[in-house]
Every structure is written in C-alpha cells, then in structure tokens.
Amino acid sequence: MVFRATSGLDKAFEVGILLKGLDGLLEVAGGILLFFIKPESLNHLATTLTQHELAEDPRDFLAVHILHSTQHLSAGSLVFAALYLLSHGLVKIVLVREILHNRFWAYMGLIYLTIGFMIYQIYRFSYAQSIGLALLTAFDGVIVYLTIVEYRKRKNHQGTGSA
C-alpha cells in the first residue's frame, strides 16, 4: 500500500517527507563529490567566488565565512564529510521510501534520526549561531511533529482494520 494524502495535514506531511528525500539525494551527491575534491581545489574555488565581494566589502559576512571555512580543510576532514553526507543521505532516502510505502517502522526511524540530528544541530548552534541552522532545526521539528501525527493516525487506522 502506498501513502495517500487525505487531508491538509497529510499533504503537509507528504511535502515535508518529499523535501527530506530530496535533501537525502543532494547529500548523497555532495558526499560523492567530496570524494573527488582536493582541499586545495575547494579553497581555490572559495577564493575565486568571494574575491569580488571581499574587494567591495572586506568584512562581508558570508564571503568571510565561506573563505574561512575552506582554509582549514584537510583531506581527512573531506573524507569524514563525504562519509557523513553519504550515510545520512542514504538513511534519509531509505526512510522516506519506506514511509511512502507505509512501513510503520520507518516512521519511528525518521522520528529518532531527526531528533538526533536536531540535538546535534542545537549543539552546533551553541558554537556558531547561524540562521540557516536555526531554520533547518525548526523545519526538522515540524517534520518530527507531522511524522508523529501521521504515524499515530496510520497506526490507529490500521488497528481498526480499515487500512
């Protein structure tokens, strides 16, 4: 049986889950790409992309942070980032696929995985305040809520024998 949205909340859940799946695909692509990039190449790309902006404003927040983040990369940190993205992306893809096929275990898997990443994101936010990280954490919170609601609804529906 394939997931079918029957209400507005179901539609919101479906859109959120599909965004999670797309995010998983992008993470896998990024992880694969990181295996082929040298730290020097990434630093050179960052320098090239930010030099015009830094020439206009040497304190440009985004340009300074992009440049700073690539200057301290090592081959080992790129391999770690690649493995992190690959594993995280693959797990998301599998969970989203299984949820869309109404596998109940995947709902709880997504809930626990997302809460775990939210905890990590909050920890990271305590070191480097980022609006992007805050928005990602809020989005993940909405996904957890919608997944819990949908899980309970499907579980109750299945329990009554009308699934």
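Above this text you will find the structure in question.
A short tour of the structure in this document, coming up. The shown structure was predicted, so the numbers you read here are calculated from the model rather than taken from an experiment. (Residues numbered from 1 in each chain as written. Predicted model: local features only at pLDDT ≥ 70, side-chain atom pairs only at ≥ 80, totals over all residues. Heavy atoms only, no water.)

## Section: the pattern of salt bridges
The full count for this structure, using the stated rule, is eight salt bridges. Between Lys-92 and Asp-23 there is a salt bridge, and its shortest N-O distance comes to 2.1 Å. Note that Lys-92 is positioned in helix 4 (residues 75–100) and Asp-23 in helix 1 (residues 8–35), a separation of 69 residues in sequence. Measuring nitrogen to oxygen at the nearest pair gives 2.9 Å for the salt bridge that ties Arg-154 to Glu-150. Taken together, the positions of Arg-154 and Glu-150, both in helix 6 (residues 131–159) and four residues apart, correspond to about one turn of that helix. Note on accessibility: Arg-154 and Glu-150 belong to one class, buried. Beyond isolated ion pairs, a larger network of salt bridges with shared partners links Asp-23, Glu-27 and Lys-92. (Salt bridge = Lys/Arg side-chain N within 4 Å of Asp/Glu carboxyl O. Helix = DSSP H or I, 4+ residues; strand = E, 2+ residues; numbered from the N terminus. Buried < 20%, exposed > 50% of the residue type's maximum accessible area, 1.4 Å probe, protein only.)

## Structural notes on the packing of aromatic side chains
Per the stated rule, a full pass over the model turns up eight aromatic pairs. On the numbers, 6.0 Å between centres and 75 degrees between planes, the contact of Tyr-84 with Phe-117 is edge-to-face. Of this pair, Tyr-84 sits in helix 4 while Phe-117 is found in helix 5 (residues 104–127), placing the two residues 33 residues apart along the sequence. Under the relative-accessibility criterion, Tyr-84 is labelled partly exposed at 31%. What makes Phe-117 buried here is its relative accessible area of 17%. Three or more aromatic residues link up through ring pairs in this structure, and these residues are Phe-13, Phe-104, Tyr-107 and Tyr-151. Positioned above the aromatic ring of Phe-104, the side-chain terminus of Lys-155 is 5.8 Å from the ring centre. (Phe/Tyr/Trp six-rings, centres within 6.5 Å; stacked < 30°, edge-to-face > 60°. Lys NZ or Arg CZ within 6 Å of the ring centre and 35° of its normal.)

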